[in-house]
Amino acid sequence: MSRLALHGGPRVRADKRWARWPQYDTATEQEVVAALRSGRWAISWPSDGTTARERRFAEDWARYNDVPHCVSVDHGSSALLVALEALDIGPGDEVIVPTMTWVAPVTAVLRVGALPVLADVDPVTGCVTPETIAACRSGRTKAIIVVHLGATVADLDGILAVAGDVPVVEDCAQAHGARWRGRNVGTYGALGVFSFQNGKVLAAGEGGAVITSDPVLYRRAQQLRADSRRYPDHPVPEGTMELVEDGEVMGANYCMSELSAAVLLDQLPRLDTQHLHREKIAGELERGLAELGGFGPIPVPEEVDRRSIYEYGISYAEDAFGGAPAEKVAEAITAELGFAVYPPDPPLNDSVMLRPFTKRRFAQIWSEEGQRRAIGREFPGAERFRRSALLFHHGVLLGDSADAADIVAAVAKVRDHAHEL
Ligand SMILES: *Cc1c(COP(=O)(O)O)cnc(C)c1O
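Rules used in this analysis
Residues numbered from 1 in each chain as written. Predicted model: local features only at pLDDT ≥ 70, side-chain atom pairs only at ≥ 80, totals over all residues. Heavy atoms only, no water. Patch = residues over 30% accessible without salt bridge, like charges linked within 9 Å, V, L, I, M, F, W, Y side chains within 5 Å. Areas by Shrake-Rupley, 256 points an atom, 1.4 Å probe, with all protein chains shown as cover. Salt bridge = Lys/Arg side-chain N within 4 Å of Asp/Glu carboxyl O. Helix = DSSP H or I, 4+ residues; strand = E, 2+ residues; numbered from the N terminus. Buried < 20%, exposed > 50% of the residue type's maximum accessible area, 1.4 Å probe, protein only. Pairing = 2+ DSSP bridges. Axes fitted to C-alpha atoms, helices over the stretch in contact; angles between N-to-C directions. Contact = heavy atoms within 4.5 Å. 1 Å grid on protein atoms, 1.4 Å probe; cavity = no way out; pocket = protein on both sides within 12 Å on 5 of 7 lines; lining within 4 Å. Points joined across faces, edges and corners; volume = space filled by probe spheres on them. Domains from an automatic or database assignment. Near = heavy atom within 4 Å. Polar contact = N/O pair within 3.5 Å; in protein donor to acceptor, adjacent residues only side chain to side chain. Sits in = over half its atoms within 2 Å of the grid points. Nonpolar A, V, L, I, M, F, W, Y, C, P; charged D, E, K, R; others polar.

**Description of a nonpolar patch on the surface**
- Taken together, the side chains of Trp 102, Val 352 and Met 353 make up a nonpolar region of the molecular surface, amounting to roughly 330 Å² of accessible area.
- Of note, Trp 102 is situated in the loop between β2 (94–98) and α4 (104–111).
- Classification of Trp 102 as partly exposed rests on a relative accessible area of 47%.

**Some points on the sheet that holds strand β8 (residues 191–195)**
- What the 7 strands build is an open sheet, ordered β1-β9-β8-β5-β4-β2-β3; its pairing is mixed. The sheet is open, and its two borders are formed by β1 (69–73) and β3 (115–119), each paired with just one other strand. Going across the sheet, the axis of each strand differs from the next one's by a mean of 20 degrees, ignoring polarity.
- Each of β1, β8 and β9 (208–212) is contacted by helix α7 (residues 215–225), which is oriented at about 15 degrees to β1, the strand it contacts most.

**A few points about the layout of surface pockets**
- Approximately 710 Å³ is the volume found for the largest pocket.
- Where the lining of the largest pocket is concerned, the elements lending two or more residues are α3 (76–86), α4, β8, β14 (311–316) and β15 (389–393).
- A domain-level breakdown of the lining of the largest pocket finds at least three residues from each of domain 1 (26–269) and domain 2 (272–420).
- Its volume calculated, the second largest pocket comes out at about 160 Å³.

**Brief notes about the site of the ligand**
- If you check the shell around the ligand, you find 14 residues, and the closest are Gly 76, Ser 77, Asp 171, Ser 195 and Lys 200.
- Measuring from an oxygen atom of the ligand, one finds a side-chain N or O atom of Ser 195 at 2.7 Å.
- Between the ligand and Lys 200, the relevant distance is 2.7 Å, taken from an oxygen atom to a side-chain nitrogen or oxygen of the residue.
- Cavity membership is defined here by more than half of the atoms lying within 2 Å of grid points; on that basis the ligand lies in the largest pocket.
- Residues belonging to the shell around the ligand are distributed by class as follows: 4 nonpolar, 8 polar and 2 charged.

**Looking at the domain arrangement of the protein chain**
- The domains assigned to the protein chain are domain 1 (26–269) and domain 2 (272–420).
- Computed from C-alpha coordinates alone, the two centres of domain 1 and domain 2 are separated by 25 Å.
- The interface of domain 1 with domain 2 comprises 49 residues on the first partner and 48 residues on the second.
- Counting the contacts that link domain 1 with domain 2 gives 1 salt bridge.
- We note a salt bridge from Arg 373 to Glu 94, for which the minimum N-O separation is 2.4 Å.
- For the pair domain 1 and domain 2, the number of links is 23 residue pairs in polar contact (both at pLDDT 80 or more).
- Every element with two or more residues in the side of domain 1 that touches domain 2 is listed here: β2, α4, β3 and β6 (179–180).
- Take the side of domain 1 that touches domain 2: its biggest share by element is 5 residues, from β3.
- Counted by class, the side of domain 1 that touches domain 2 contains 25 nonpolar, 14 polar and 10 charged residues.

Set out below in structure tokens:
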């Protein structure tokens with residue numbers, strides 16, 4: 001058998017290209033050019049008599065999730081901030097957040113002046129569980145942020161049960177359109193938040209949204225993201241501003257640009273077709289992995305009727321690569337395939353991205369006592385997850401069946417050569 005590409009051998013995948021992400025065409029270009037030519041690039045600009053694109057997108061995104069309300073924002077990070085502010089979380093409060101995820105949920109908690117308390121995760125799925133959340137609860141817990149990680153969904157029923165009266169914010173930045181018992185994720189918590197960053201399955205470069213069924217939270221969220229302004233209760237005459245100054249709660253500017261909204265209006269109708277496509281290729285990949293033995297997908301609870309694949313995760317048995325370090329295994333598979341395969345990021349309790357002491361406002365919260373409450377526990381689940389999963393970006397799954405076969409071949413080749421790593 002040929003040598004590893006990592007050591008100069010021939011690659012499993014020599015020349016054929018992988019599917020491209022993001023996907024766009026002339027229809028996308030037309031939407032963006034139309035927004036450009038309208039001269040209305042922001043919600044804060046006199047109306048031309050048509051509904052602003054950001055509002056049209058928010059209505060479409062609410063409809064897609066079958067929820068009454070959506071507020072668009074400029075980033076997923078802002079969506080988290082607006083959600084926490086809508087719930088009136090602030091100094092003295094604690095918010096439980098997963099340790100295994102992007103840093104944004106933790107930063108959002110610090111930005112509202114509250115203490116993020118990091119919860120361990122399930123060693124196989126990387127998501128928080130009812131048990132790991134229960135272990136972090138205190139009298140100060142005022143909200144719980146749940147992240148549906150990668151291509152799976154956290155145990156929503158169990159988590160809502162342990163949450164009781166404490167509001168849950170679902171961070172769905174990696175789970176657009178995933179379904180739990182017939183309903184989209186993001187509709188189970190008090191609020192659901194999304195990111196439309198370049199890499200997400202619904203992308204506009206930068207962007208985000210908050211969804212909710214609660215009219216009071218919706219009214220607050222509107223003002224929180226638009227300098228205390230909201231949509232009026234009457235139609236907006238041409239030439240006037242679409243937002244009215246209300247000031248029930250003081251906001252800041254986290255508005256989505258009209259140019260980003262134009263991209264999203266083009267991208268959203270493509271989402272379900274892309275979900276189906278990824279699912280088909282993932283199915284082929286999973287049949288191939290099953291034949292290898294010792295490999296499989298990151299499991300999805302049986303309540304999930306539809307996965308949303310953001311980062312596909314290959315779960316492997318601890319001895320599958322003969323104990324070789326996960327980073328080395330990932331590097332070897334990457335070399336065979338020509339796209340990035342990587343182990344999960346370090347958990348936030350052990351990440352350079354979580355350095356609250358570098359900012360005066362955050363340092364105040366990150367006192368000795370704060371740190372003890374935030375990270376003063378063991379995180380064995382996160383550590384095991386890091387050593388049992390290999391991830392790659394969903395764009396790869398928008399190709400064809402030969403792609404799935406190549407991925408399986410690369411995993412098999414690196415497994416067979418693992419003693420050389
Ligand atoms: C991407 C991501 C975010 C942040 O979104 P931005 O739009 O980049 O601010 C938040 N949470 C999770 C889980 C993410 O993956």
